[in-house]
Structures are given as C-alpha cells and as structure tokens.
Amino acid sequence: MSNADWLSRSHTAVWHPCTQMKHLEQIPPLPVARGEGAWLIDYDGRRYLDATSSWWVNLFGHANPRINAAIVDQLGRIEHVMLAGCTHAPVVELSERLARLSGLSHAFYASDGASATEIALKMSFHFWRNRGRPHKTGFVSLQNGYHGETLGALSVTDVPLFKDVYAPLLRLSHQVISPDWRQADPDESAEAYAWRAIAQMEDFLAECADTTAAVIVEPLVQGAAGMAMYHPIYLTRLRELCDKYQVHLIADEIAVGFGRTGTFFACEQADIRPDFLCLSKGITGGYLPLSCVLASDEIYAAFYADSTARGFLHSHSYTGNPLACRAALAVLDIFDQDDVIAANRAKAVRFTELLGSVAAHPHVRHFRHTGMIWAFDVKQSSPHFARDFHQQALAQGLFIRPIGNTVYFMPPYVIEEAEMRLMADVTLNLLQTL
Ligand SMILES: *Cc1c(COP(=O)(O)O)cnc(C)c1O
C-alpha cells in the first residue's frame with residue numbers, strides 16, 4: 001500500500017483532531033509508516049525530520065530500543081489492571097520517583113493532559129470544600145493560556161478559536177494579562193514586564209481570593225499561545241501571592257515538564273513548588289497516553305478521612321496503566337543514565353548558534369529560546385503562512401507546523417548536529433523566499 005492508498009481510505013474514515021476536514025482536500029495529512037529516531041518515514045519511503053516531536057510528546061526518538069524493551073517486558077507480565085482495588089510495581093515505582101523529583105508525594109493518574117487539568121481543578125475545589133470553604137469555586141488563568149479541551153479545561157483555556165463556540169457550555173473563569181515578554185514596551189526588560197503582569201494578578205487575588213480556588217499557569221512557556229516565553233520571577237512572585245491569599249497554585253507542566261525548558265521541571269527555574277503539578281506528553285517519551293497530577297501532603301491530608309464522600313472519587317478506566325508506567329520508568333532511566341539535562345544544554349547552545357542567520361533575518365521578530373524550545377514570529381506573512389510554510393518545509397524533508405505566524409522548533413532530545421543543520425538551513429531557505 002502506498003501513500004495514496006492510505007490517504008484516500010483515511011479521508012473517508014478518519015476524523016482528524018484540530019482540523020477542518022475540508023481543508024485536507026488541498027493539504028492531505030502525512031501518512032506515516034514508521035519512525036526511526038527523530039525521523040518519520042512515509043509509505044513511499046520518504047523521510048521527514050520530526051521538528052515538533054509529534055505534538056511535543058516525543059523525547060528520545062521513535063522506536064527507541066530502551067523504551068521498546070521496557071514495554072515488551074511489561075507486556076509479558078500484565079498489560080492492564082484496574083487501579084481501584086489493585087496496585088502494581090510500575091505505578092508504585094513511578095509514583096515514588098516522581099515524588100522524589102517534584103517534592104510532591106501523592107500521584108493521581110489519568111490518560112490525557114486535559115484529564116490532568118480536570119483532576120487538578122476538581123481536587124482544588126474539593127480541598128477547600130473539605131476544609132469548610134465551599135465558596136472557593138473560581139479559577140484564574142493567564143491570557144492566551146492553554147490547558148486542554150474538555151469542558152473544565154477549556155474553561156481555563158484562553159484560545160478564542162478553540163473556546164468561543166463552546167462558551168455556553170463553559171464555566172466562567174477569569175484571565176489576567178500574560179507575562180509574555182513580547183508584550184513588553186520597547187525599552188522594558190522581560191523581568192520588568194513580568195513584575196507589571198504580576199501586579200494585575202495581585203489585584204485580582206486581593207479582590208477575589210475568597211471565591212477563588214486556584215490559579216493555573218503554564219510555567220515559563222505558554223505553548224499553544226505560540227511559544228510565549230516569560231521571566232521566572234513571575235512564578236516566584238506568584239507562589240508568594242498564592243500563599244498570601246490562600247489560593248492554590250496549579251503548575252500545568254504537561255508540555256514543559258521532562259526537561260523541555262532546560263531543567264527537569266520548569267518550576268525549578270523559579271525555585272518554587274506548586275500545590276498541584278500536572279504532567280503528561282513527554283512522561284512516556286511519546287509512547288502511550290498517560291497523565292499525572294502530583295499533589296502535596298497538605299492537599300492529600302484534606303481528603304484522608306473515614307467518610308467516602310470526603311475522598312477524591314474521580315476515575316478513568318485506564319488510570320495507572322502498567323504499560324504506560326513502564327514506558328515512563330524507562331524514560332526516567334534514560335534521563336539518569338545519559339545525563340540528559342546536561343547533554344541538552346550543550347545541544348541547545350549549538351542549535352542556537354546554527355540559528356544565528358535565522359534570528360538575524362529581516363523577516364524575523366522576537367526570536368526566543370528556552371531550553372529545548374526555539375521560536376520566532378514572521379513579519380509580512382500571508383493569512384496562509386502556517387499552511388504554506390508547513391508544505392514547503394515538508395517538500396524539503398522537514399516536518400514542522402507553525403502556529404499562526406510563529407515558527408517553532410521542539411525537537412526530540414536525540415537530535416544530532418546534522419539534523420539541527422537541516423532544520424536551520426531549510427528554515428533560512430524558506431525565509432528567503434517570503
Ligand atoms: C497539550 C496540553 C494540554 C492537553 O493535553 P492533551 O493530552 O492534549 O489533552 C494541557 N496543557 C498544556 C500546557 C498542553 O500543552
């Protein structure tokens with residue numbers, strides 16, 4: 001079967017995410033037969049560099065031998081068992097290791113990022129209720145923030161294209177200005193702008209803390225907003241404000257956790273510990289759907305009682321799936337064995353160098369970089385810029401998907417020098433033709 005065969009069958013039967021299906025008549029999806037390291041290979045044998053890590057989930061390449069081996073080993077033991085009334089070694093070990101890494105001792109699992117957001121929101125509300133403060137029902141998040149697309153998560157998301165149609169179904173939540181440094185005045189530093197943004201958060205909390213359960217933010221990088229980056233002082237100060245006003249801090253590290261921002265968790269760069277930490281995407285190296293909400297002792301204690309109704313009764317059928325937990329343990333082993341954070345630091349320096357001509361290009365604005373994420377905005381772009389850039393890059397062997405007029409690179413950590421060069425060269429070529 002060739003690309004063409006799969007494309008026509010796919011078009012009749014598969015409804016794609018985040019896609020107007022009619023547009024696929026002009027821009028068909030890429031039929032992927034297999035993967036190898038940072039590469040995707042189609043049914044006609046052509047290769048494409050996966051510059052977005054398959055929607056930000058892949059860390060150590062496709063068909064990684066070490067992760068494959070862990071999953072195969074687990075397949076021979078137990079593929080799945082319910083986690084209500086049962087437990088197993090992979091979920092215990094993973095929970096212990098995540099607790100050591102985060103300082104948050106209690107791990108609650110689900111399958112997708114959006115479910116982790118739902119869990120954190122529900123837990124926060126339920127905590128205050130168990131503590132005798134049932135009026136704390138509100139949530140505050142950042143402008144342009146993204147926390148997933150189920151109804152609760154969408155309520156705290158601020159992306160009009162995803163949200164506006166469903167407004168009648170959503171809970172009201174409040175948004176305050178984002179510390180995204182692109183919005184700073186020309187002579188204002190990222191840090192000064194973060195201080196200005198946090199002042200608005202403080203105004204909100206000073207007025208509404210009595211009815212607010214939690215603040216939810218994407219630490220350091222707002223991914224879906226187009227890789228908006230901000231100064232860590234915002235998070236340090238936010239932690240202080242949450243303590244002062246008795247509001248929970250939910251850190252949504254679904255996209256930025258697992259080394260993406262240059263530290264294992266982004267919160268480390270602000271030297272803070274959130275009340276809830278949401279993880280998914282990279283947690284299994286991009287292999288299997290798994291998400292996790294890590295909660296502090298104080299949160300956990302509010303649910304621990306004789307009464308069933310005081311407990312957190314939320315569940316998903318695949319909660320704590322053993323195969324996914326084994327993939328996650330293999331990922332943590334690779335971090336340890338290969339000293340990945342240090343290796344990434346060297347790779348990041350090199351790729352930033354290689355992007356020198358891109359950063360200096362006259363069509364490029366706001367070139368920015370945090371850890372293993374690079375982004376820039378393109379001036380003078382057509383309304384079809386993202387589509388056109390994607391297609392032209394694909395023709396040159398690069399799979400990349402701009403968000404609006406923002407081009408970003410979020411490569412798997414196994415990326416090598418020659419592959420970094422390809423990303424930089426193709427991008428520079430395409431900028432010359434704009
Ligand atoms: C992707 C993402 C989510 C949602 O995760 P899904 O697995 O797609 O439901 C939530 N928050 C952030 C910051 C994300 O990037």
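Counting of residues starts from 1 at the beginning of each chain's written sequence and follows it residue by residue. Local features are withheld for residues below a pLDDT of 70 in this predicted model, meaning they are given only at 70 or higher, and side-chain atom pairs are given and counted only at 80 or more; totals for whole chains, interfaces and linings count all residues. Excluded from the side-chain calculations are hydrogens and water; all other atoms, namely the structure's heavy atoms, are used.

Visitor: Outline the layout of surface pockets, listing residues and values.
Guide: Buriedness for pockets is judged along seven lines, at least five of which must meet protein on both sides within 12 Å for an open set on the 1 Å grid over protein atoms alone, while cavities are sets there where a 1.4 Å probe fits but cannot get out, and lining residues have an atom within 4 Å of a point. Grid points are joined across faces, edges and corners, and a volume is the space filled by probe spheres set on the points. One number sums up the size of the second largest pocket: a volume of about 730 Å³. Lining the second largest pocket are 29 residues, with A107, F108, Y300, F312 and H314 positioned closest to its centre. Segments assigned H or I by DSSP are reported as helices when at least four residues long, segments assigned E as strands when at least two residues long, and all are numbered from the N terminus. Elements represented by at least two residues in the lining of the second largest pocket include exactly α4 (89-102), β4 (106-110), β12 (291-295) and α10 (297-301). Examining the composition of the lining of the second largest pocket, we find that four residues originate from one element, β4, more than from any other. Here the lining of the second largest pocket is built from residues that sort into 17 nonpolar, eleven polar and one charged. Side-chain classes follow a simple rule in which Ala, Val, Leu, Ile, Met, Phe, Trp, Tyr, Cys and Pro form the nonpolar group, Asp, Glu, Lys and Arg form the charged group, and the remainder, Gly included, forms the polar group.

Visitor: Kindly report on the pattern of salt bridges, identifying the contributing residues and their values.
Guide: Salt bridges are identified by distance alone: a Lys or Arg side-chain nitrogen within 4 Å of an Asp or Glu carboxyl oxygen. On inspection of all chains with the given rule, the structure shows 23 salt bridges. The salt bridge partner of D210 is R133, with a shortest N-O separation of 3.9 Å. Here the residue D210 occupies a position in the loop between α8 (190-208) and β7 (212-217), and R133 occupies one in the loop between α5 (113-130) and β5 (138-142), the gap between them amounting to 77 residues. According to the relative accessible area criterion, D210 is exposed, its value standing at 57%. Here E417 and R421 are joined by a salt bridge, their closest N and O atoms 3.2 Å apart. On the criterion of helical spacing, the pair formed by E417 and R421 is a turn pair, its members being four residues apart in helix α15 (residues 417-432). On the basis of relative accessible area, E417 is assigned to the partly exposed category, the value being 33%. Look at the salt bridges and you will find they share partners, linking D180, R182, R368 and D377 into a network. Here the term buried applies to any residue with accessible area under 20% of the maximum for its type, exposed to any over 50%, and partly exposed to those in between, with areas from a 1.4 Å probe on protein chains only.

Visitor: Tell me about the sheet that holds strand β1 (residues 32-36), and name the residues and values.
Guide: Whether two strands pair comes down to DSSP finding at least two bridges between them. The mixed open sheet is built from four strands, whose spatial order is β1-β2-β3-β15. Of all strands in the sheet, those with a lone pairing partner are β1 and β15 (398-399), marking the two edges. Relative to β15, strand β3 (residues 47-50) runs parallel, the two being bridged by two bridges. Note on β15: the bridge partner recorded for D50 is F399.

Visitor: Summarise the domain arrangement of the protein chain; cite the residues concerned and give the values.
Guide: What marks off one domain from the next here is an automatic or database domain assignment. Each domain of the protein chain was delimited in the assignment, giving domain 1 (3-63 + 339-432) and domain 2 (68-338). Put simply, the middle of domain 1 and the middle of domain 2, counted by C-alpha atoms, are 26 Å apart. In this assembly, 34 residues from domain 1 lie in contact with 31 residues from domain 2. Buried area is calculated as the accessible area (1.4 Å probe) missing from two parts once they are joined, with the contributions of both summed. Of the roughly 2500 Å² buried between domain 1 and domain 2, counting both surfaces, carbon and sulfur atoms make up 66%. The shortest N-O distance in the salt bridge between D377 and R182 comes to 3.1 Å. Contact criterion: two residues are considered in contact whenever any of their non-hydrogen atoms come within 4.5 Å of each other.

Visitor: Which residues make up the site of the ligand, and what values do they have?
Guide: Surrounding the ligand, one finds W56, D112, G113, A114, Y146, H147, G148, E218, D252, I254, A255 and K281. Polar contact is the term for a pair of N or O atoms within 3.5 Å; when the atoms are in protein, one must be able to donate a hydrogen and the other to accept it, and sequence-neighboring residues count only if both atoms are side-chain atoms. A distance of 3.5 Å separates a nitrogen atom of the ligand from a polar backbone atom of Y146. Within the side chain of D252, a nitrogen or oxygen atom sits 2.7 Å from a nitrogen atom of the ligand. Calculation of accessible area relied on Shrake-Rupley with a 1.4 Å probe; when residues are assessed, cover is drawn exclusively from the protein chains displayed. Burial of the ligand by the surrounding chains reaches 83%, relative to a free accessible area of 380 Å². Proximity is defined per residue: any heavy atom of the residue falling within 4 Å of a molecule or strand makes that residue near it.

Visitor: Provide a residue-level description of the sheet that holds strand β10 (residues 248-252), including the pertinent values.
Guide: Through backbone hydrogen bonds, the strands of a sheet pair up, either in parallel or in antiparallel fashion. Strand order in the open sheet formed by seven strands is β4-β12-β11-β10-β7-β5-β6, with mixed pairing between adjacent strands. In this open sheet, the two edge strands, each paired with only one partner strand, are β4 and β6 (174-176). Between one strand and the next, the sheet's axes are offset by a mean angle of 20 degrees, whatever the strand orientation. In this sheet, β6 lies alongside β5 in parallel orientation, the contact comprising three bridges. Bridge pairing links S141 to Q175 in β6. Against the sheet, α5 engages β4, β5, β7, β10, β11 (276-279) and β12, with an angle of about 165 degrees to β11. For helices, the axis comes from a line fit to the C-alpha atoms of the stretch in contact; other axes are also lines fit to C-alpha atoms, and the angle between any two N-to-C directions lies between 0 and 180 degrees.

Visitor: Please set out the environment of H88 residue by residue, giving values where relevant.
Guide: The topology assignment puts H88 in the loop between α3 (65-75) and α4. For H88, a relative accessible area of 10% puts it in the buried group. For the pair H88 and Q380, spaced 292 residues apart in sequence, the C-alpha separation works out to 55 Å. Those residues in contact with H88, other than ones at most four positions away along the chain, are V81, L83, G320 and P322. At 3.0 Å, the side chain of H88 and the backbone oxygen of G320 are in polar contact.

Visitor: Describe in detail the environment of G37, supporting the description with residues and values.
Guide: Its place among the elements puts G37 in the loop between β1 and β2 (39-42). Residues G37 and V407, 370 residues apart in the sequence, show an inter-C-alpha distance of 22 Å. Non-local contacts of G37, meaning those with residues more than four positions away in its chain, are made with G61, H62 and V414.

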